[in-house]
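Notes for the structure review
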Amino acid sequence: MPKNKTHSGAKKRFRVTGSGKLMREQANKRHLLEVKSSRRKRKLSTDQPVAPADLRQVKKLLGR
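The rules behind these values
Residues numbered from 1 in each chain as written. Predicted model: local features only at pLDDT ≥ 70, side-chain atom pairs only at ≥ 80, totals over all residues. Heavy atoms only, no water. Helix = DSSP H or I, 4+ residues; strand = E, 2+ residues; numbered from the N terminus. Rg over C-alpha atoms; globule rule 2.2 N^0.38 Å. Contact = heavy atoms within 4.5 Å. Areas by Shrake-Rupley, 256 points an atom, 1.4 Å probe, with all protein chains shown as cover. Lys, Arg positive; Asp, Glu negative; His and termini not counted. Charge placed at Lys NZ, Arg CZ, Asp CG, Glu CD. Core = buried A, V, L, I, M, F, W, Y, C linked by side-chain atoms within 4.5 Å. Buried < 20%, exposed > 50% of the residue type's maximum accessible area, 1.4 Å probe, protein only. Pairing = 2+ DSSP bridges. Axes fitted to C-alpha atoms, helices over the stretch in contact; angles between N-to-C directions.

**What to know about the overall build of the protein chain**
Within the protein chain, the regular secondary structure consists of three helices and three strands. Secondary structure of the protein chain in N-to-C order comes out as α-β-β-α-β-α. Compactness check: the protein chain gives a C-alpha radius of gyration of 15 Å against a globular reference of 11 Å for 64 residues, more than 25% above the reference. In terms of overall dimensions, the protein chain has C-alpha extents of about 50 × 20 × 20 Å along its principal axes. Restricting to contacts in the protein chain with at least 6 residues of sequence separation, those with at least 24 account for 50%. Total accessible area computed for the protein chain in this model is approximately 5,900 Å², and 49% of it derives from carbon and sulfur atoms. For the protein chain, the distance from the average site of its 20 positive side-chain charges to the average site of its 4 negative ones is 6 Å.

**Details of the nonpolar core**
Formed by Ala10, Leu22, Val50, Val58 and Leu62, the largest nonpolar core amounts to five residues. Setting aside residues no more than four positions away along its own chain, Val58 makes contact with Phe14, Leu22 and Val50.

**Considering the sheet that holds strand 2 (residues 22-24)**
Strands sit in the order 1-2-3 across an open sheet of three strands; the sheet is antiparallel. Looking at which strands have only one partner, the edges of the open sheet turn out to be strand 1 (14-16) and strand 3 (48-49). Relative to strand 2, helix 3 (residues 52-62) is tilted by about 95°, and along the sheet it contacts strand 1 and strand 2.

**Some words on unusual backbone geometry**
The backbone of Asn28 shows a phi angle near 75°, a positive value even though the residue is not glycine. Here Asn28 is to be found in the loop between strand 2 and helix 2 (38-45).

Here's what the structure looks like:
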């Protein structure tokens, strides 16, 4: 059988930690940043774990 290809959109959006958790970036940090407080922008910078409801789908896209 041929190898499965990783979804190229998904590999740009998710990363796998050393312990195997899937992490994602938060939304709302692309534009209109002058309006947002530094505190809010700083909180949006941190990566978040992927929701349990989405894990199965994301793992499939990443070929894991």
